[in-house]
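If you want the building blocks of each chain, they are given just below.
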Amino acid sequence: MAKILNIPAADTGPVLEDVELYAAALDALPFGFMLYDEHGTCVYANKRALGLIGLTGCPAEAGMIEAVDRTRAAGPRTEHLRGQGGALYEVAGEPLPIGGANLHAVRIADLTLEDDVMHSQATAASDLVHTLRGPLTALRGYLELSAEEPDLAFDYTQRALGAALRVQQIVDDILSLATFVSAGMEERELCCGDVGAVARQAVTAFEPSGRLIRARIQEPVPPVAMTAAEVRMVLLNFIGNAVKYSEAPAPIDVEVTQEGATVVLAVRDYGPGIEPLKQSLIFRRYHRLGVRGIEGTGLGLAAVRELSLQRGGAVYVESEVGAGSTFFVRVPVKA
Ligand code: ADP
């Protein structure tokens, strides 16, 4: 972790010289930008990044150093965190091989404005109308057709039922998202005492899918600062996506582990994976990535992100195209 503060390194070779050439442009970027060498040492950080990690006189944003530290290693990865005063940041890292050096780039974007806009009622209302229009039009169309062509009424009614179920799914997703957005105001005991049991139940719920879902729960799991229903909601979302977006006979791995003062819920699939630049988009409402023929609303991961941040946790994904994805939620242990 200390390596993040090691800026700039004394001898960083020709790669950093190149970077210095563009220093003015990099400082003008609307996001924090950092480069790490293969030893995990920071070799460059633009002004915005230095500010966010507390190296320009102002204190670092809460949790930022830890988020950058987690993101500077391994493969492509995106995390979201709430800073002081409710700011929302996206910390995204990915390998950046340039000039023969195996560098790793970390980008810190401030999504606060976008987040505020997302919360505005007008946006939500127009998004809702847009999302519901398709299945409602289909529903109406099939019902009209079944009245016009009684011979085919059964077939059309089945299709109408499919469209009605889709409307219901959208409304359910919106309601669950709304519940988590306003949950911060509710008074209730935020604690799940048996995360292991909730994880096993979530896995069992997917038995009808016929998929091989392997659970590895590192007992004893300490109680966490989330209700059992919330832990279930996170896992059902992640496992549901793994089932939808990967194919049998590839297994799905569900893991619950303790890491310091947090519990990590992880769901890994061996599906198509997600391109690095698209990994941050999927946590935004209604964002779906060209998933033709697979039902969904684009709201599940947004709800998980909202909930995790409210509970002082973090959500992130590690993914490689062609190899699969692992979705993580990190929840604080209940104090
Ligand atoms: P939904 O699944 O209803 O579309 P989500 O918010 O759960 O909505 O996911 C948003 C998008 O992220 C999905 O539409 C899909 O493009 C992508 N996605 C989510 N999980 C996975 C996964 N395990 N593998 C590949 N892509 C995924």
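Throughout this description, residue numbers start from 1 for each chain and increase along the sequence as written. Totals for whole chains, interfaces and linings use all residues, but because this is a predicted model, local features are given only for residues with pLDDT of at least 70 and pairs of side-chain atoms are given and counted only at 80 or more. Computation of side-chain values: all heavy atoms of the structure, hydrogens and water removed.

Caption draft 1: Just the overall build of the protein chain, in detail. Within the protein chain one finds 10 helices and 10 strands. In this description, contact between two residues means that some pair of their heavy atoms is separated by no more than 4.5 Å. Counting contacts in the protein chain only where the partners sit at least 6 residues apart, residues at least 24 apart contribute 64% of the total. When the accessible area of the protein chain is evaluated, it comes to approximately 16700 Å², of which 58% is carbon and sulfur surface. Helix and strand labels come from DSSP, where a helix needs a run of H or I of at least four residues and a strand needs a run of E of at least two; each type is numbered from the N terminus. For accessible areas, the Shrake-Rupley method is used with a probe of radius 1.4 Å. Any residue's cover is judged against the shown protein chains and nothing else.

Caption draft 2: Spatial organisation of the site of the ligand. Around the ligand sit 18 residues in total, of which N241, Y245, D269, R288 and T297 are the nearest. Note that an oxygen atom of the ligand is positioned 2.8 Å from one of the side-chain N or O atoms of N241. Nitrogen and oxygen atoms within 3.5 Å of one another constitute a polar contact, given that in protein one can donate a hydrogen and the other can accept it, and given that sequence-neighbouring residues count only through two side-chain atoms. Measuring from an oxygen atom of the ligand, one finds a backbone N or O atom of L289 at 3.0 Å. For the ligand, whose accessible area on its own is 540 Å², the fraction buried by protein is 97%. Definitions used throughout: a 1 Å grid over protein atoms alone; a cavity as a set of points that fits a 1.4 Å probe which cannot get out; a pocket as an open set with protein on both sides within 12 Å along at least five of seven lines; a lining residue as one with an atom within 4 Å of a point. Occupancy of a cavity or pocket is assigned to a molecule whenever over half of its atoms lie within 2 Å of that pocket's grid points. Counting atoms within 2 Å of the grid points, the majority share of the ligand lands in the largest pocket. Of all the secondary-structure elements, those providing two or more residues to the shell around the ligand are α9 (228-245), α10 (300-310) and β10 (324-332). Looking at the shell around the ligand, the element that brings in the most residues is α9, giving 3 residues. Here the shell around the ligand is composed, by residue class, of 8 nonpolar, 7 polar and 3 charged. We define proximity as follows: a residue is near a molecule or strand when any one of its heavy atoms falls within 4 Å of that partner. Three residue categories are used. Nonpolar comprises Ala, Val, Leu, Ile, Met, Phe, Trp, Tyr, Cys and Pro, charged comprises Asp, Glu, Lys and Arg, and polar comprises the others, including Gly.

Caption draft 3: Layout of the environment of R214. Structurally, R214 can be placed in strand β6 (residues 213-217). Among the residues examined, R214 registers a relative accessible area of 40% and is labelled partly exposed. Spatially, the C-alpha atom of R214 lies 9.8 Å from that of V267, the residues being 53 residues apart in sequence. Each residue gets one of three labels from its accessible area relative to the maximum for its type: buried under 20%, exposed over 50%, partly exposed in between, using a 1.4 Å probe on protein chains only.

Caption draft 4: A look at unusual backbone geometry. Residue E219 is joined to P220 through a cis peptide bond whose omega torsion reads -5°. Relative to the assigned elements, P220 resides in the loop between β6 and α9. Here the amide bond leading from A248 into P249 is cis, since omega sits at 5°, within 30 degrees of zero.

Caption draft 5: Geometry of the nonpolar core. Here, the term nonpolar core denotes a set of buried Ala, Val, Leu, Ile, Met, Phe, Trp, Tyr and Cys residues that are joined through side-chain atoms within 4.5 Å. Ranked by internal contacts, the top residues of the largest apolar core, which has 38 residues, are V231, V234, L235, F238, I239, L265 and V329. Where this core is concerned, the elements lending two or more residues are α8 (195-205), β6, α9, β7 (252-259), β8 (262-269), α10, β9 (314-320) and β10. Examining the composition of this core, we find that 8 residues originate from one element, α9, more than from any other. Not counting residues within four places of it along the chain, the set of residues in contact with L235 comprises A199, A202, G240, V254, L265 and V267. Listed in part, the 18 residues of the second largest apolar core include M34, Y36, V68 and V106.

Caption draft 6: A look at the side chain of D253. Inspection of the secondary structure puts D253 in strand β7. On the basis of relative accessible area, D253 is assigned to the buried category, the value being 15%. Non-local contacts of D253, meaning those with residues more than four positions away in its chain, are made with R214, A266, V267, R268 and Y270.

Caption draft 7: Geometry of the pairing of β6. Only strands that DSSP links by at least two bridges are regarded as paired with each other. Of the pairings in the sheet, the one linking β6 to β7 comprises 5 bridges and is parallel in character. Residue pairing for β7: R216 is matched across the bridge by E255. Consider the strands pointing away from the viewer: the crossover is right-handed when the path from the first strand over the helix to the second runs clockwise. A crossover links β6 with its parallel partner β7, the connecting element being α9, and its sense is left-handed.

Caption draft 8: Broad picture of the pattern of salt bridges. For this document, the term salt bridge refers to a Lys or Arg side-chain nitrogen within 4 Å of an Asp or Glu carboxyl oxygen. This structure, assessed with the given rule, holds 15 salt bridges. When the shortest N-O distance is used, the salt bridge between R77 and E79 registers 3.1 Å. Across the pair, E79 and R77 agree in class, each one buried. Measuring nitrogen to oxygen at the nearest pair gives 3.6 Å for the salt bridge that ties R107 to E90.

Caption draft 9: Geometry of α10. Across the 11 residues of α10, 10 count as buried, placing the element largely inside the fold. All of the buried residues in α10 are G300, L301, A302, A303, V304, R305, E306, L307, S308 and L309.

Caption draft 10: A look at the sheet that holds strand β4 (residues 88-98). Taken in spatial order, the 10 strands of this open sheet run β2-β1-β5-β4-β3-β9-β10-β8-β7-β6, and their pairing is mixed. Of all strands in the sheet, those bounded by a partner on one side alone are β2 (42-45) and β6. Adjacent strand axes in the sheet meet at a mean angle of 15°, parallel and antiparallel pairs treated alike. Bridging between strand β3 (residues 77-82) and β4 involves 6 bridges; their strand directions are antiparallel. In the sheet register, H80 faces β4, and the bridge partner there is E90. Helix axes are fitted to C-alpha atoms over the stretch in contact, other axes to C-alpha atoms as well, and angles between N-to-C directions run from 0 to 180 degrees.

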